[in-house]
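Next come the chains, spelled out residue by residue.
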Amino acid sequence: FASTTDRCGCRTRARRASDMPLSALLERVSSLGNGFFVALWIVAVTLLVWQRRRRRSGGAGDAEDGAQGVAEPVKPVHCGDITLEELRAFDGSDPNKPLYVAVKGKVYDVTRGRTFYGPGCAYSCFTGRDASRALAKMSFTEEDLAGTTEGLTAGETQILDDWEMKFLTKYAQVGQVVPA
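Throughout what follows, the structure given in this document is the object of discussion. Since the structure is predicted, the reported quantities are computational estimates derived from the model, not experimental observations. (Residues numbered from 1 in each chain as written. Predicted model: local features only at pLDDT ≥ 70, side-chain atom pairs only at ≥ 80, totals over all residues. Heavy atoms only, no water.)

Quick notes on the packing of aromatic side chains
Here the structure, examined in full by the defined rule, presents 11 aromatic pairs. Between the aromatic rings of F116 and Y123, the centroid separation amounts to 6.4 Å while the plane-to-plane angle is 25 degrees, which identifies the pairing as stacked. F116 sits in the partly exposed class, given a relative accessible area of 24%. For Y123, a relative accessible area of 27% corresponds to the partly exposed category. Geometrically, the ring pair formed by F167 and Y171 is tilted, given 5.6 Å between the ring centres and 45 degrees between the ring planes. Considered together, F167 and Y171 belong to a single accessibility category, that of buried residues. Among the aromatic residues, ring-to-ring pairing joins Y108, F116, Y117, Y123, F126, F140, W163, F167 and Y171 into one connected group. Taking the ring centre of F90 as reference, the NZ or CZ of K97 above it sits at 5.5 Å. (Phe/Tyr/Trp six-rings, centres within 6.5 Å; stacked < 30°, edge-to-face > 60°. Buried < 20%, exposed > 50% of the residue type's maximum accessible area, 1.4 Å probe, protein only. Lys NZ or Arg CZ within 6 Å of the ring centre and 35° of its normal.)

Description of the sheet that holds strand β6 (residues 172-177)
The 4 strands are arranged β3-β6-β5-β4 in an open sheet whose pairing can be described as mixed. A single partner strand is all that each edge strand has here, and the edge strands are β3 (80-82) and β4 (100-103). Within this sheet the neighbouring strands show an average axis-to-axis angle of 40 degrees, counted without direction. For β4 and strand β5 (residues 106-109), the ladder comprises 4 bridges, and the chain directions are antiparallel. Across the sheet, A102 pairs through a bridge with V107, a residue of β5. (Pairing = 2+ DSSP bridges. Helix = DSSP H or I, 4+ residues; strand = E, 2+ residues; numbered from the N terminus. Axes fitted to C-alpha atoms, helices over the stretch in contact; angles between N-to-C directions.)

Points about the side chain of T83
With respect to the helices and strands, T83 occurs in the loop between β3 and α3 (84-87). With sequence-adjacent residues up to four places away left out, T83 is seen in contact with V178, P179 and A180. (Contact = heavy atoms within 4.5 Å.)

Side note on the pairing of β6
Bridge analysis of β3 against β6 gives 3 bridges, and the strand direction is parallel. By the bridge assignment for β6, I82 is matched with V177. Note that β5 and β6 share 4 bridges and pair antiparallel. Bridged to V107 within β6 is G175.

Next up, the structure:
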């Protein structure tokens, strides 16, 4: 119940629509009489019910936490030291291999974010590469996918540090990039 004040200044206790049973909502809607308001109430109730069911089923979580029909995520395997050439094998072209992205020389397993980093997805160009420069410049161009951080501005370096923190908190670090 929520406490409200009516037009006369009296405090009343009113139920929120999301806490009311469907039958009580329908009674209120039918008392309105105007077809437009009835339709508006039906849409509102439908949305509230949908949100409630989505929360209960756990569907309101992070979009990267998995898609329907996808098996449980596999525990990341530590790859250790890896060259940029070896890293390219983890770009999603082989569905049996994990997806790796390197940031500032650290390799992260982004397989659980397949809906973002998988083949044909929004960030697939970063997969199997050191994406440091591209992330810092917020770029998808081939020349920025080189991995080098030379020549970045202070602002771009800060952006890259923010991306590194995101990867550190969200994905398992499984290795580091070493020279060939």
